[in-house]
Amino acid sequence: MTAPMLMVLASFLFALMGVCVKLASAHFGTGEIVMYRGLIGAVAMAVLLRARGQSLRTAVPWMHVWRSIVGVSSLCLWFYAISGLPLATAMTLNYMSPIWMAMFLIGGSVLLGGAKINPKLIATVLAGFVGVAAILRPSIDRDQLWYGVVGFGSGMLSAMAYLQITALGRVGEPETRVVFYFSCGGTLAGLALTLLNGGWSPWHGWTAAALVLAVGLFATAAQLAMTRAFAIGRPLVNASLQYLGIAFAFVFGVLLFDDPVHPLALAGMVLVVGAGITATRLRHGTGPRQNAQDTLPPDLET
């Protein structure tokens with residue numbers, strides 16, 4: 001399959017994962033869903049590493065620890081937001097990572113001094129936040145505001161996870177090992193959250209069990225498709241195509257969950273997507289050239 005086809009497939013699978021997370025959240029806590037998702041991913045990556053003859057040994061364990069802390073925190077917040085928000089809204093808030101990356105770049109320029117700030121980048125960040133305001137105002141009720149704040153935070157942490165993945169790629173860590181340790185971190189964090197919240201939920205039947213299994217399978221398959229796409233394709237094209245996940249989530253939300261359709265919210269989604277794509281292009285256009293491995297997005301998994 002070509003890189004664009006793989007990216008479209010990954011976006012579709014991530015949207016399916018979001019559907020399963022939303023359905024599973026009626027039976028399981030966020031910690032349990034994160035734990036099962038991480039466990040399935042860890043097993044799949046261990047099998048893949050063995051098949052490729054790659055070792056689990058790493059020379060940078062603490063980089064993996066920090067990446068797992070940030071990435072798993074983003075994942076937990078995202079899954080929690082999905083449980084209480086329209087699916088497309090939760091997806092859009094989490095997909096704001098390129099906009100947050102642009103804001104980090106602007107903040108770094110201000111703190112370090114001397115570096116000229118691209119006014120287009122500032123305009124892009126502002127447009128992205130205007131888009132978020134347009135999405136949240138008509139799309140969520142007052143009692144859902146907390147979920148919106150959580151989803152907003154998941155996008156910021158996702159951007160920080162991107163920085164860690166870039167750093168791991170630059171020191172030569174293969175993406176399969178990065179995802180393996182991330183999945184292990186998710187398993188441990190999910191287990192801790194589950195125990196802190198009173199332990200495992202009661203048995204809800206095979207349908208509920210199938211939902212959490214599907215979360216892990218869809219997420220792992222999406223990760224593999226996305227990783228391959230970024231390895232063989234153009235990073236900017238792939239980064240643009242990943243926003244199809246929002247469109248897929250919107251369709252699923254309307255058809256399966258009767259999510260409301262607000263013209264202002266749709267306009268906000270378009271604005272966030274446009275701002276994200278523009279921010280990605282501006283960052284790659286002005287920053288140092290990166291190889292394919294350095295441009296892998298965070299597992300929102302990711």
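Computed from a predicted model, the values in this text were never measured in an experiment.

(A) Representation of the overall build of the chain within the structure. Of the regular secondary structure elements, the chain holds 12 helices and 0 strands. Seen in sequence order, the chain has helices and strands lined up from the N terminus as α-α-α-α-α-α-α-α-α-α-α-α. For the chain, buried positions account for 51% of its 302 residues. Put simply, the chain shows about 13600 Å² of open surface, and 69% of that area lies on carbon and sulfur atoms.

(B) Expanded view of the pattern of salt bridges. Using the criterion set out here, one finds 2 salt bridges in the structure. Across the pair Glu175 and Arg52 runs a salt bridge whose closest N-O atoms are separated by 3.8 Å. A residue pair is termed long-range when its members are at least 10 positions apart, and Glu175 in helix α8 (residues 175–196) and Arg52 in the loop between α2 (30–51) and α3 (61–84) qualify at 123 residues. By relative accessible area, Arg52 is classed as partly exposed at 46%. Linking Arg177 and Glu173 is a salt bridge whose minimum nitrogen-to-oxygen distance equals 2.8 Å. For Glu173, a relative accessible area of 6% gives the class buried.

(C) Expanded view of the packing of aromatic side chains. Enumeration over the complete set of coordinates arrives at 10 aromatic pairs. Note on Tyr95 and Tyr243: the rings are 6.1 Å apart at their centroids and 65° apart in plane angle, and the pair reads as edge-to-face. Within this pair, whereas Tyr95 is found in the loop between α4 (87–94) and α5 (97–112), its partner Tyr243 is found in the loop between α10 (235–241) and α11 (244–257), the two being separated by 148 residues in sequence. One exposure class covers both Tyr95 and Tyr243, and it is buried. For the pair Phe180 and Tyr181, a centre-to-centre distance of 5.1 Å together with 75° between the ring planes defines the contact as edge-to-face. Among the aromatic side chains, those forming a connected cluster through ring pairs are Phe12, Phe248 and Phe252. Over the ring of Phe257 we find Lys22; its NZ or CZ atom is 5.7 Å from the centre of that ring.

(D) Just the side chain of Ser68, in detail. Mapping Ser68 onto the fold places it in helix α3. Of note is the side chain of Ser68, whose polar atom sits 3.2 Å from the backbone oxygen of Tyr181. Every residue in contact with Ser68, bar those within four places of it in the chain, is listed here: Ser73, Tyr181, Phe182 and Gly185.

(E) Region of interest: unusual backbone geometry. Residues other than glycine seldom take positive phi values, yet Asp258 does so here, at roughly 55°. Residue position: Asp258 is located in the loop between α11 and α12 (263–286). In this structure Asp258 comes out as exposed when scored by relative accessible area, which is 66%.

(F) Quick peek at a nonpolar patch on the surface. A grouping of Trp62, Val65, Trp66 and Ile69 is seen on the molecular surface, where their side chains present a nonpolar patch of about 470 Å² in accessible area. With respect to the element layout, Trp62 can be found in helix α3. Residue Trp62 is classed as exposed on the basis of its relative accessible area, which comes to 69%.

(G) Just the nonpolar core, in detail. Counting 65 residues, the largest nonpolar core has Met17, Ile33, Trp78 and Phe79 as the members making the most contacts within it. Ranked by residue count, the leading element in this core is helix α1 (residues 3–24), at 13 residues. With 5 residues, the next largest nonpolar core counts Met45, Leu49, Val179 and Phe180 among its residues.

Analysis parameters
Throughout this description, residue numbers start from 1 for each chain and increase along the sequence as written. For this predicted model, a pLDDT threshold of at least 70 governs which residues receive local features, and a threshold of 80 or more governs which side-chain atom pairs are given and counted, while totals over whole chains, interfaces and linings are taken from all residues. Here the side-chain values reflect all heavy atoms present in the structure, with hydrogen atoms and water set aside. By definition, any uninterrupted DSSP run of H or I lasting at least four residues is a helix, any uninterrupted run of E lasting at least two residues is a strand, and each is numbered from the N terminus. The buried label goes to any residue with under 20% of its type's maximum accessible area, the exposed label to any with over 50%, and the partly exposed label to all in between, with areas taken from a 1.4 Å probe on protein chains only. Note that accessible areas follow from Shrake-Rupley with a 1.4 Å probe, and for residues the cover is restricted to the protein chains shown. By salt bridge we mean one thing: a side-chain nitrogen of Lys or Arg within 4 Å of a carboxyl oxygen of Asp or Glu. Whether two aromatic rings pair depends on their centres lying within 6.5 Å, for rings of Phe, Tyr and Trp, where Trp uses its six-membered ring; planes under 30 degrees apart make the pair stacked, over 60 edge-to-face, and the rest tilted. Look at NZ for Lys and CZ for Arg. If either is within 6 Å of the ring centre and within 35 degrees of the ring normal, a charge sits over the ring. Two N or O atoms count as a polar contact when they lie within 3.5 Å, although within protein this holds only if one can serve as hydrogen donor and the other as acceptor, and sequence-adjacent residues are included solely when both atoms are side-chain atoms. Note on definitions: a residue-residue contact is assigned when non-hydrogen atoms from the two residues lie within 4.5 Å. A patch consists of residues whose relative accessible area exceeds 30% and which take part in no salt bridge; residues with like charges are grouped when within 9 Å of each other, and nonpolar side chains (Val, Leu, Ile, Met, Phe, Trp, Tyr) when within 5 Å. The definition of a nonpolar core used throughout is a set of buried Ala, Val, Leu, Ile, Met, Phe, Trp, Tyr and Cys residues joined through side-chain atoms within 4.5 Å.

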